[in-house]
Amino acid sequence: RYWRDWSSDVCSSDLNNRILFYEAVRARHHELRELKFPKSAKTSADAMAYLSRQFREAIRVTGDYDTVLMPDQHEWAAQVALAGGEALDAWQRVIGGIGRFNFHQIPADILGHTFQRLVSPEERHKFGQHYTDETVVDVINAFCIRDPWASVLDPACGSGSFMVRAFYRKAHLDPSLATHEIISGLFGCDINPFPAHLATLNLAARDLEQGNFPRIVRRNFFTVEPEKSFCVLPKETRDKHGRREKLHVALTALDAIVGN
């Protein structure tokens, strides 16, 4: 029963995060279509195929956010969440209600508590994945981040609490900084795709209006090398096929390394 309840929560939360993020991006990119299951979608596989097409279109339009919208390790989870006799109708009602949600007001600790609840104690212990209260995070960041232009890394970022609070720490040190200027100095990685998914969602939610591309990746930090590609971000330019060109971003010299 514990496994059934826990896996059901993970599946639903994974899909809900992705739909929520799509709708937030759609509010900025009006060429993206409203999510509405076609009448031909009779099964969970049909519904997932439809959502995947819409998510990929959002990735094409924005040139990024694939970590949030298409975390391929979790396709099974989304399809499970869509299974069941009344599931598609229920999810359509969820989608209808998301339009009233103010995405950028998600507190950082909400996603941290979500991660703490959904990942089993055994899994968190195995990988050292433990939620840190925001007050503790702020104290650590205050000691470590003294410059608004500091390059900051959390090598095991979990759901992104240190990254989000570092964002606000740097904004406090220099209120004139734009969102993309702050985020360009924040790096995070996590070996587990689920918390990396939450961390990207968490940091991107700070300001979707300007379009920002979190430097958060799903990888083992011990494979990271200085001056080698840490992550890949979209450029403003597009190739002859209309696709955003890519920029490989190296891990720069660091001013602070934070984490629990």
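Before any of the text, the structure's been laid out above.
Residues numbered from 1 in each chain as written. Predicted model: local features only at pLDDT ≥ 70, side-chain atom pairs only at ≥ 80, totals over all residues. Heavy atoms only, no water.

A. Representation of unusual backbone geometry. Phi at glutamate 227 takes a positive value of approximately 65°, unusual for a residue other than glycine. Secondary-structure assignment places glutamate 227 in the loop between strand E3 (215–218) and strand E4 (229–238). Under the relative-accessibility criterion, glutamate 227 is labelled exposed at 65%. (Helix = DSSP H or I, 4+ residues; strand = E, 2+ residues; numbered from the N terminus. Buried < 20%, exposed > 50% of the residue type's maximum accessible area, 1.4 Å probe, protein only.)

B. Structural view of helix H8 (residues 134–144). Listing the buried residues of H8 in full gives Glu134, Val137 and Asn141. Here the buried residues of H8 occupy an arc of 55° about the axis, which is enough to place them on one side. Turned more than 90 degrees away from the buried face of H8, the exposed residues are Thr135 and Phe143. (Arc of directions from axis to C-beta.)

C. Focus on the sheet that holds strand E1 (residues 152–154). Strand order across the open sheet formed by four strands is E3-E2-E1-E6, with parallel pairing between neighbours. Only two strands of the sheet have a single neighbouring strand rather than two, namely E3 and strand E6 (256–257). Bridge count between strand E2 (residues 186–190) and E3: four bridges; the pairing is parallel. Across the sheet, aspartate 190 pairs through a bridge with arginine 218, a residue of E3. Most of the contacts of helix H9 (residues 161–173) go to E2, to which it runs at about 175°, and overall it touches E1 and E2. Most of the contacts of helix H11 (residues 193–204) go to E3, to which it runs at about 165°, and overall it touches E2 and E3. (Pairing = 2+ DSSP bridges. Contact = heavy atoms within 4.5 Å. Axes fitted to C-alpha atoms, helices over the stretch in contact; angles between N-to-C directions.)

D. Quick peek at the nonpolar core. Residues Leu51, Leu69 and Leu82 are the most contacted members of the largest nonpolar core, which totals 39 residues. Among the elements of the structure, helix H1 (2–26), helix H2 (44–62), helix H3 (66–69), helix H5 (87–98), E2, H11 and E4 are those that each provide at least two residues to this core. Ranked by the residues each element gives to this core, the list is headed by H2, at eight residues. Aside from chain neighbours lying at most four places away, what touches leucine 82 is Leu15, Phe37, Ser44, Ala47, Met48, Leu51, Ala87, Leu88 and Trp91. One finds Ala150, Cys157, Ala166 and Phe167 within the second-largest nonpolar core, a separate group that totals 19 residues. (Core = buried A, V, L, I, M, F, W, Y, C linked by side-chain atoms within 4.5 Å.)

E. How the structure looks around the side chain of aspartate 174. Secondary-structure assignment places aspartate 174 in the loop between H9 and helix H10 (179–183). Despite being buried, aspartate 174 has no salt bridge partner; lysine 170 is the closest side chain of opposite charge, sitting 10 Å away. Among residues more than four places away in sequence, those in contact with aspartate 174 are Pro148 and Trp149. (Lys, Arg positive; Asp, Glu negative; His and termini not counted. Salt bridge = Lys/Arg side-chain N within 4 Å of Asp/Glu carboxyl O.)

F. Molecular detail of the packing of aromatic side chains. Per the stated rule, a full pass over the model turns up five aromatic pairs. Where tyrosine 22 meets phenylalanine 55, the ring centres are 6.0 Å apart and the plane angle is 55°; that geometry is what we call tilted. With tyrosine 22 in helix H1 and phenylalanine 55 in helix H2, this residue pair connects regions lying 33 residues apart in the sequence. Take tyrosine 22: its relative accessible area is 0%, and that puts it in the buried class. (Phe/Tyr/Trp six-rings, centres within 6.5 Å; stacked < 30°, edge-to-face > 60°.)

G. Local environment of H2. For H2, which comprises 19 residues, the first-to-last C-alpha distance of 27 Å matches the rise-based estimate of 27 Å (1.5 Å per residue) to within 8%. Regarding H2, the residues found buried are Ser44, Ala47, Met48, Tyr50, Leu51, Ser52, Gln54, Phe55, Ala58, Ile59, Val61 and Thr62. (Expected span 1.5 Å × (residues − 1).)

H. Seen up close, the environment of arginine 243. Topologically, arginine 243 is positioned in the loop between E4 and strand E5 (244–250). A relative accessible area of 46% means that arginine 243 is categorised as partly exposed. Considering only alpha carbons, one finds arginine 243 and threonine 62, 181 residues apart in sequence, at a separation of 9.9 Å. Residues in contact with arginine 243, not counting those within four places in the same chain, are Thr237 and Arg238.

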